[in-house]
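A closer look at the structure
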Amino acid sequence: MNNKLKDKNIDFLFDAILALESKEECYDFFEDLCTVQELKTLSQRIVVAKMLSEKSVYTDIVSETGASTATISRVNRSLQYGCDGYDKIFERIQEKYDEQL
């Protein structure tokens, strides 16, 4: 994690998120924590990241998500030069889906 981000408040936020036990709890918590627009922005970014990791082109991503090319570029930089956070999550989600089959 980027040391510029690490502090006790962010640690507390992450502890709270890790304490959630179901999707319903996530909906309740994030509805209390975030505005509708903030939550839509976060969800848009993860969908953009997933599409980029699947080698989708910008025009398809814009069309499907409504994300700006600036947002897509920013997410792409995170995928290329970030901490591999997106990749870890996508791998775990795929493993969960594979187990359910």
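Notes on the structure follow. (Residues numbered from 1 in each chain as written. Predicted model: local features only at pLDDT ≥ 70, side-chain atom pairs only at ≥ 80, totals over all residues. Heavy atoms only, no water.)

Section: the packing of helix H3 (residues 36-53) against helix H5 (residues 69-81)
The description of two helices packed together rests on the angle between their axes and the distance between the axes. Our working definition: Working convention: axes come from line fits to C-alpha atoms, limited for helices to the stretch in contact. Angles between N-to-C directions cover 0 to 180 degrees. Going along the chain from the N terminus, every DSSP run of H or I of four or more residues is numbered as a helix, and every run of E of two or more is numbered as a strand. Each helix crossing is assigned a hand: it is left-handed if the near helix lies turned anticlockwise from the far helix by less than a right angle, otherwise right-handed if that turn is clockwise. Contacts were defined at the residue level, with two residues in contact if any of their heavy atoms lie within 4.5 Å. In this count, Pro and Cys sit with the nonpolar residues alongside Ala, Val, Leu, Ile, Met, Phe, Trp and Tyr, while Asp, Glu, Lys and Arg are called charged and the others, Gly among them, polar.
Running from N to C, H3 and H5 point in directions that differ by 65°, and their axes come no closer than 9 Å. Judged by the twist between their axes, the crossing of H3 over H5 is right-handed. In this structure, H3 uses Gln44, Arg45, Val48, Ala49, Leu52 and Ser53 to contact H5, whose residues at the interface are Thr71, Ile72, Val75, Asn76 and Leu79. Within the contact of H3 with H5, the residues separate by chemical class into 6 nonpolar, 4 polar and 1 charged.

Details of the nonpolar core
Quick note on the threshold: Residues enter a nonpolar core if they are buried and are Ala, Val, Leu, Ile, Met, Phe, Trp, Tyr or Cys, with the set joined through side-chain atoms within 4.5 Å. Relative accessibility thresholds used throughout: buried, under 20% of the residue-type maximum; exposed, over 50%; partly exposed, between the two (1.4 Å probe, protein chains only).
If you look at the biggest cluster of nonpolar residues, it comprises 11 residues: Val48, Ala49, Met51, Leu52, Ile61, Ala67, Ile72, Val75, Leu79, Tyr86 and Phe90. Elements represented by at least two residues in this core include exactly H3, H5 and helix H6 (85-100). Top contributing element to this core by residue count: H3, with 4 residues. The contact partners of Ile61, leaving out residues within four places of it in the chain, are Val48, Met51, Leu52, Ser56, Gly66 and Ile72.

Structural notes on the packing of H3 against H6
Going by this rule: Any angle from 65 to 115 degrees is called roughly perpendicular, while one under 35 is roughly parallel, one over 145 is roughly antiparallel, and all others are oblique.
Put simply, H3 and H6 touch, their axes get as near as 11 Å, and they point 80° apart. Considering their axes alone, H3 and H6 lie roughly perpendicular with respect to each other. Listed contacts from H6 to Arg45, Ile46, Ala49, Lys50 and Ser53 of H3 are Tyr86, Ile89 and Phe90.

Remarks on unusual backbone geometry
In the Ramachandran plot, Lys55 falls in the positive-phi region, its phi being about 70° despite a non-glycine side chain. Structurally, Lys55 is set in the loop between H3 and helix H4 (58-65). The backbone of Asp84 sits at a positive phi, close to 65°, despite the residue not being glycine. Looking at the element boundaries, Asp84 is found in the loop between H5 and H6.

Details of the side chain of Thr65
To keep things clear, this is the line we draw: Contacts described as polar in this section are N or O atom pairs within 3.5 Å, which, within protein, must combine one atom able to donate a hydrogen with one able to accept it, while residues neighboring in sequence count only if both atoms come from side chains.
Tracing the chain through its elements places Thr65 in helix H4. A relative accessible area of 19% places Thr65 in the buried class. Among the polar contacts made by the side chain of Thr65, one reaches the main-chain carbonyl oxygen of Ile61 at a distance of 2.7 Å. What Thr65 contacts, discounting residues up to four positions off in sequence, is Gln44, Val47, Val48 and Met51.

Digging into the packing of aromatic side chains
How we decide: For Phe, Tyr and Trp, where Trp contributes only its six-membered ring, two rings pair if their centres lie within 6.5 Å, and the inter-plane angle classes them as stacked under 30 degrees, edge-to-face over 60, or tilted in between. Lysine NZ or arginine CZ positioned within 6 Å of the ring centre and within 35 degrees of the ring normal marks a charge as sitting over the ring.
Using the criterion set out here, one finds 2 aromatic pairs in the structure. Between Phe29 and Phe30, the ring centres sit 5.3 Å apart and the planes meet at 80°, which makes this aromatic pair edge-to-face. Owing to a relative accessible area of 23%, Phe29 belongs among the partly exposed residues under this scheme. Given a relative accessible area of 17%, Phe30 falls into the buried group. Where Tyr86 meets Phe90, the ring centres are 6.0 Å apart and the plane angle is 15°; that geometry is what we call stacked. With Tyr86 and Phe90 both in helix H6 and 4 residues apart, this pair spans about one turn of that helix. Judged by its relative accessible area of 10%, Phe90 falls in the buried class. Across from the ring centre of Phe90, 5.1 Å away, lies the NZ or CZ of Lys50, which sits over that ring.

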